[in-house]
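Each chain, letter by letter, is given below.
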Amino acid sequence: MARRSFSATSLPGFSAIAVATFVMLYLPIITLVAYSFNASDSISQWGGLSLKWYAVAWENDQVRKAAGFTLLVATLAAVISTAVATMAAIGTTRRKPFRGQTWIYVAINQPLMVPEIVTAVALLIFFASLRKLTGYSGIGYMVAAHTAFCIPFAYLPIRARLEGMDLTLETAAADLYASGWQTFRFVTLPLLLPGVLAGAMLAFVTSLDTVVITEFIKSPGQDTLPTYMLGQLRRAMKPDVNAISTGLLLVTLILLFAFFLLTRKRE
Amino acid sequence: MSQAIAVEARNAVKAFGVGAQAVRALDDVSVMIRKGEFFTLLGPSGCGKTTLLRLIAGFEMPTSGVILLEGADITYLPPNQRPVNTVFQSYALFPHLTVAENIGFGLKMQGRPAAEVRATTGRMLALVKMEAMAGRKTSQLSGGQQQRVALARALAPQPKVLLLDEPLSALDAKLRKDMQIELKRLQTETGITFIFVTHDQEEALTMSDRIGVMSAGKLQQVGGPRDIYNHPVNRFVASFIGETNFLAVQRDGDGLRLAGGPRIEMPLGAASVGSALTLAVRPEQVRLVAADEAGAIPATVSNLVYIGTDTQCHLQMADGTEIVARVQSTASGEAGLVVGQRVGLRFAPGAAQVLED
Amino acid sequence: MSEAEEAQDAASTRNGWLLSAPALVILTFAAIGPLVIMLVYSFLTPGATGNVVWKFSTNGWTGIVYARDIFDETWKLVDAHMVIFWRSIKLSLITTVLTLLIGFPTAWFIATREPKARAVWLFLITIPFWTNLLIRTFAVNQVIRNEGVLNTVLLKLGVITEPMRMVYTDGAMLVGLVYVYLPLMVLPLFAALDRFDRRLLEAGYDLYASRMQVLFQVILPIVRPGIVAGSILVFVPSLGAYVIPRVLGGGKQMMVGNFIELQFGQGKNWPLGAAISITLLIVVTVALVFYTRAVSGEKRDG
C-alpha cells in the first residue's frame, strides 16, 4: 500500500523549483569549467579533452604577472584586514556597550553597504589627486583599497566567534592568577583562532572577487586576473579565459571548504 | 454498546525507519474512546502516546491499522479535513495574529461568514475569560494566557474531539493546578470529547474519566483512575502510577510466602497460576505494628525521611528485602519511630495486588 | 556606581576605541574619506581632459536630469539619462521579483531538509555566492552568446535554424542579474525560514487551512521580514551593477553603474559622475534603513 503520508512541510511544486534552481545555478559554471578543457579553439565547439588552454594561459606573461599580482594583493589585504578586524572585534565586544560603538559598526560595515561602483569612483578621484600630489603610484593604493573592502568580511566571523565564546573561561583564567595579557595569549587567542582564520579566508576570497574597484584604481601594469579577464572581453574570447576562471574557482573553493570546516559547530 | 464511541484505533501500528532499524512507536494499539469523556493517555516519554494522538489528528498515518472517528474511517484523511482540533504542547499560536484572530483562524479557513466568525470568537473569548485581551499580540501574553488562547482556538470550530498534547507541561506548578480545574470545567461545559496526553500521573488521576496507560508502544491498561491506581494489571502500571513496593513471593497453598519470609494470608485470584509471583503494595497500605504481633512480618527501620504530612519509613525485612511504608507524621514532626527499631508489618486486606510477571 | 567601577568602564571604553582605531583609520583613508571628497567634486567644474577645475558649480547635480539645449539654450530633461535610470530601476525591480519567486521555494526546500542534507544544500548556494562575480557573468555569457552553448544545442536539436541573439539585450542583463544575485535572496530567506516555527504548520492544517492558505496566511506573513531583507539585498547591488551590464549588455545597454563610469572616461564629466554616485548612494542608504528595520522587526517578533 503506497498511500503517501501527510507532510506538513511540503508545498506543491516547491521541490521542483528548488531543483531547477540548483541546475540553473551550476549549469553555466560547469559549462565554463568544461570548456576550459576543450581542445578546440572555439568556446562553443567541443574538440575533445585537452589541457592546452591551461598551458596557453600559463605561458602568457601578462597572465602570469596578473596572477602574481592578484595573489600578492589578496595576501597583503587579507593579512592586514584580518589583523585590524581582530583588534576591532575585541574592541567592540565583551565590554559594556559604549557611546560611539554603533558608529564603529557602521564604519566597519560601510564597504558592504555602498555599491562597489560608488566606492570605485570615489577612490579613483581621491587616488588620482594623491598620485599627482605625491608622485607615488605603487601597490599601496591597491592594497589600501582591498584592505578596506575586506575588513567587514574578516570582522563578521571573528565577532561571531567572540560573541559565542564563554566569558567565564577568561574569568576562570584570571581566577587562576593569569594576568590580562596571559589570559589573552593562552585562553582568548587560542579560542579565537578558528574565527580569525575563517575571517582571513573570507577576506582573501573577497579580494579575489573584487573587480570594479581594482579596474578603476589600477595604475598601468597593475592588472589582476579579474581585470585582465575583463580586458579580454573586447577581443574574441578564447578558452584560456575559462582556464584562468577555473583556476580562480578552485582557489575560492578550497578556501571556502577551509572556512566551513573552521566555523562548523561542534556537537 | 452502552455509549457511543467517538474515536477508535484498531490494531494501530506506527513504525519509524525501515528494515532492521525500524522502531515501533506504536505496537498494535486498539482503544475505544467514548463520546463526551475526558480520556487521558498516560505514559513516560517515548511510550507512543503522542504518536497515537498524532494519528488521530492526522499529522501521521499509521503503518497499519485503522483510525475511526464516530465510526467513519479517517485513517488517511489529511488533518485539515478532520473535525478534530489540537492544543499543542508549545501552543503554536500564530505570532502575526492577535488573540481574536488566532481564535477565529479555524472558522475563517473553513470559509464561515465573517459575522459567524466574530460571534463565535466572542463566545470563545468569554469561555476562556480572555475578552480583555482580544486585540493583543500573542507574544504579549503570559504562559497561562497563551494556554487559554490555544484552548479557545481549538474549541472554536466545535471539533468532535479535542486533542491535548501535554498542554500543561510548560506552566509552573501553581498555574498547572488552576488549569487542571479549568480544563475539566471546559470539558464539562462544552461536552466535547477530550483526549489528553500527559506523563504526569497526578494530572491524569485528577482530571480523567478514564485513563489509558501506555509503555513501549503498547497500551498496558485502560480504566478509571481508581481502577488503575488500586488494581494495576502489571508491574509497569503499578510502578508508573504512585509509589509501590514490589515483593517477590511464592505461592503457598491458597496464600503466599515471602521469599525466605513468613506466610501471608491472601486470597488468590484464579488468574495467578504461576508459582513465582510479585506482590505490589502501596507504601500507604503498609501498616506498622508491634514487632511481636502474631502474623506480622518482622522488619527493622533502616531510614526515616520526613516529607511533610507523612514520613517515609524505609524498612528492611529478615532476608534483606527493602520495603517503604508511609506513616503519618505526628505533631512534633516525628513518626514515633527511630532507626534500628524492630517493628512488624501488615498489609490491609485486599490492598496488596498480586502480579504475575 | 562606585568610582572604581566608573574608572574601569572608562578604561574599557578607551580600549574599545584604541583597538578599533587601526581599522577605522584604514576605512577612513580608503572607503569613507573618499566619499566625502567625491561630494566636494560633485560641486566643481569639469576639466577639459577629465578631472576637475576648482570652480564651484551645481551643473553636476542639475546635469543628472537637465541639459542646456545647444541650439536654443533652454534647459531640457535629458531623455538618454532617463532611459538609463529607468532601465536600472526596472531591471532591478524585475530581478528582485524573479529572485523572490524562484528563491523562496529554494530556501524552503533547503530549510525543510534533514540537518545533514541541509548543510550540503546550503553550501551549494554559498559556493556561487562567493565565486567571482566576473566568472559567473562570463559563465552566463558563454551560455547565451550567439555561438554559445544554448544556441549550439538548440541548433543541433533543430529547434532554431539561426542563432538567437540573446546577449547585449535587456533580457540578457536580466538573466545575468537574477543568476548572480539569487544567493543574496536565498540566504536571508533561508535564515528566516530556518527560524520559522514548523509547529505552526501543523496548527494551520489542524485548523482546516489548505496548502495555499498555510503558505499565504501563515508562512508568508511570519517570514515577511526575511522577504523584505532578501529583496533589498538583491535590489541594492542590482541598482549599482556594473560588471553584468558591461559583459552582458555590451556597453550599449547601460545601467547607472556604467553611466557613472562613462563620466569618468569618455564623458570627461567628473562632477556629473560624482553627483550620480552620491544620488545612488542616497537611494541605497534609504533602502538599507528599511532593511535594518525589517531585520530588527524579525528579531522582535521571533
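Residues numbered from 1 in each chain as written. Chains lettered and ligands numbered in written order. Predicted model: local features only at pLDDT ≥ 70, side-chain atom pairs only at ≥ 80, totals over all residues.

(A) Expanded view of the overall build of chain A. In terms of regular secondary structure, chain A is built from 11 helices and zero strands. Taken from the N to the C terminus, the helices and strands of chain A come in the order α-α-α-α-α-α-α-α-α-α-α. Relative to a compact globule of 267 residues, whose C-alpha radius of gyration would be 18 Å, chain A shows 23 Å and is clearly more extended. The burial tally for chain A puts 43% of its 267 residues in the buried class. Once local pairs closer than 6 in sequence are excluded, the contacts in chain A between residues at least 24 apart make up 78%. (Helix = DSSP H or I, 4+ residues; strand = E, 2+ residues; numbered from the N terminus. Rg over C-alpha atoms; globule rule 2.2 N^0.38 Å. Buried ≥ 20, exposed ≤ 12 C-beta atoms within 10 Å, placed from the backbone. Contact = placed C-beta atoms within 7 Å.)

(B) Region of interest: the overall build of chain B. Along its length, chain B carries eight helices and 20 strands. For chain B, long-range pairs separated by at least 24 residues make up 65% of all intrachain contacts whose partners lie at least 6 apart in sequence.

(C) Highlighting the interface of chain C and chain B. With 16 residues of chain C in contact, the opposing surface of chain B contributes 19 residues. With six residues, helix H8 (residues 199–206) of chain C is the single largest residue contributor to the side of chain C that touches chain B. Per-class residue counts for the side of chain C that touches chain B are nine nonpolar, two polar and five charged. (Nonpolar A, V, L, I, M, F, W, Y, C, P; charged D, E, K, R; others polar.)

(D) Quick look at the sheet that holds strand S3 (residues 38–42) of chain B. Residue and element names in this part refer to chain B. In space, the six strands of this open sheet follow the order S6-S7-S8-S3-S9-S10, with mixed pairing throughout. Because the sheet does not close on itself, it has two edges, and the strands there are strand S6 (84–87) and strand S10 (218–223). The mean inter-strand angle of the sheet, taken between neighbouring strand axes irrespective of direction, is 20°. As paired elements, strand S7 (residues 161–165) and strand S8 (residues 193–198) share five bridges and run parallel to each other. Bridge assignment links Leu162 to a residue of S8, and that residue is Phe194. (Pairing = 2+ DSSP bridges. Axes fitted to C-alpha atoms, helices over the stretch in contact; angles between N-to-C directions.)

(E) Local environment of unusual backbone geometry. Backbone geometry places Glu70 of chain B, a non-glycine residue, at a positive phi of 45°. With 15 C-beta atoms counted inside 10 Å, the residue Glu70 of chain B sits in the partly exposed group. The phi dihedral of Tyr168 of chain C is positive, around 65°, even though this residue is not glycine. Locating Tyr168 of chain C in the fold gives a position in the loop between helix H6 (149–157) and helix H7 (170–195). The exposure class of Tyr168 of chain C is partly exposed, given the 19 C-beta atoms found within 10 Å.

(F) Just the nonpolar core, in detail. Residues Val121, Leu123 and Ile151 of chain A together with Ile195 of chain B are the most contacted members of the largest nonpolar core, which totals 254 residues. If one sorts the elements of this core by residue count, H7 of chain C sits on top with 17 residues. (Core = buried A, V, L, I, M, F, W, Y, C linked by C-beta atoms within 7 Å.)

(G) Quick look at the sheet that holds strand S19 (residues 342–347) of chain B. Residues and elements named next belong to chain B. Strands sit in the order S15-S19-S16-S17-S18 across an open sheet of five strands; the sheet is antiparallel. Either end of the sheet is taken by a strand with one partner, and the two such strands are strand S15 (286–289) and strand S18 (322–328). The mean inter-strand angle of the sheet, taken between neighbouring strand axes irrespective of direction, is 45°. Two strands pair when backbone bridges link them, and strand S16 (residues 297–306) and S19 are joined in this way by four bridges, in the antiparallel orientation. Each residue of the ladder has a partner; that of Ile297, found in S19, is Leu345.

(H) Quick peek at the packing of helix H4 (residues 115–130) of chain C against H7 of chain C. Residues and elements named next belong to chain C. Axis separation between H4 and H7 bottoms out at 9 Å; the angle between their running directions is 145°. Between H4 and H7 the crossing geometry is left-handed. Residues Leu122, Ile125, Pro128 and Phe129 of H4 lie in contact with H7, whose contacting residues are Pro183, Val186, Leu187 and Phe190. Residue composition of the contact of H4 with H7, grouped by class: eight nonpolar, no polar and no charged. (Left-handed = near helix turned anticlockwise from the far one by under 90°.)

(I) Molecular detail of the interface of chain C and chain A. Taken together, the contact between chain C and chain A spans 72 residues of the former and 71 residues of the latter. At 22 residues, the largest contribution of residues to the side of chain C that touches chain A is made by helix H1 (residues 3–41) of chain C. Classifying every residue of the side of chain C that touches chain A gives 48 nonpolar, 19 polar and five charged.

(J) A look at helix H5 (residues 173–190) of chain B. All names here are of chain B. Taking 1.5 Å as the rise per residue, H5 with 18 residues should run 26 Å; its terminal C-alpha atoms sit 26 Å apart, in good agreement. Where H5 is buried, its residues contact S3, helix H4 (143–155), S8 and helix H6 (201–207). Positive phi shows up at Gly191, right after H5, with a value of about 70°. (Expected span 1.5 Å × (residues − 1).)

(K) Examining the pairing of S15 of chain B more closely. Residues and elements named next belong to chain B. Burial along S15 is one-sided: the residues Val286 and Leu288 are buried and none of Arg287 and Val289 is. Sheet topology note: the S15/S19 ladder contains four bridges and is antiparallel. Each bridged residue has a counterpart across the sheet, and for Val289 the counterpart in S19 is Gly344.

(L) Layout of the pairing of S16 of chain B. Residue and element names in this part refer to chain B. One ladder, built from seven bridges, connects S16 with strand S17 (residues 310–317); its direction is antiparallel. For Tyr306, the partnering residue across the bridge sits in S17 and is Thr311. Between S16 and S17, which pair antiparallel one after the other, the connecting turn spans three residues, and Gly308 there sits at a positive phi close to 100°.

(M) Just the confidence of the model for chain B, in detail. The predicted model of chain B has a mean per-residue pLDDT of 87, with 93% of residues at 70 or higher. The complex model carries a pTM of 0.86, and its ipTM stands at 0.88. (pLDDT = per-residue confidence, 0-100.)

(N) Inspection of the packing of helix H2 (residues 99–109) of chain B against helix H3 (residues 114–127) of chain B at higher detail. Residue and element names in this part refer to chain B. One can describe the packing of H2 onto H3 by two numbers: an axis separation of 9 Å at closest approach and a directional angle of 130°. By the angle between their directions, the pair H2 and H3 is classed as oblique. In this structure, the crossing between H2 and H3 has a hand that is right-handed. Counting all contacts with H2, which are made through Ala100, Ile103, Gly104, Leu107 and Lys108, the residues of H3 involved are Glu116, Val117, Thr120, Thr121, Met124 and Leu125. Looking at the contact of H2 with H3 residue by residue, the class counts come to six nonpolar, three polar and two charged. (Parallel < 35°, antiparallel > 145°, perpendicular 65-115°, else oblique.)

(O) Expanded view of the environment of Met87 of chain A. With respect to the helices, strands and loops of the structure, Met87 of chain A is situated in helix H3 (residues 61–92). Taking the C-alpha atoms as reference points, Met87 of chain A and Ile158 of chain A, 71 residues apart in sequence, are found 9.7 Å from one another. Setting aside anything within four residues of it in sequence, one finds Met87 of chain A in contact with Leu19, Pro22 and Ala23 of chain C.

(P) Geometry of helix H6 (residues 140–163) of chain A. Residues and elements named next belong to chain A. Helix length check: H6, at 24 residues, gives a terminal C-alpha distance of 33 Å against a target of 34 Å (1.5 Å per residue), a fit within 8%. By the largest-angle criterion, Cys150 marks the main kink of H6, which is about 35°, and a proline, Pro152, follows within four residues. The buried fraction of H6 is high, at 19 of 24 residues. (Bend = angle between axes of the 7 residues up to and from the residue.)

(Q) Main features of the environment of Ser137 of chain A. Residues and elements named next belong to chain A. Note on placement: Ser137 falls in the loop between helix H5 (116–134) and H6. Its 16 C-beta neighbours within 10 Å are what place Ser137 among the partly exposed residues. Ignoring anything within four residues of it in the chain, the contact list for Ser137 reads Arg131 and Ser219.

(R) Focus on the environment of Thr9 of chain A. With respect to the secondary-structure elements, Thr9 of chain A resides in the segment before helix H1 (14–36). The class of Thr9 of chain A is partly exposed, set by 13 C-beta atoms lying within 10 Å. Residues within four places of Thr9 of chain A in sequence aside, it is in contact with Thr112, Arg198 and Leu201 of chain C.

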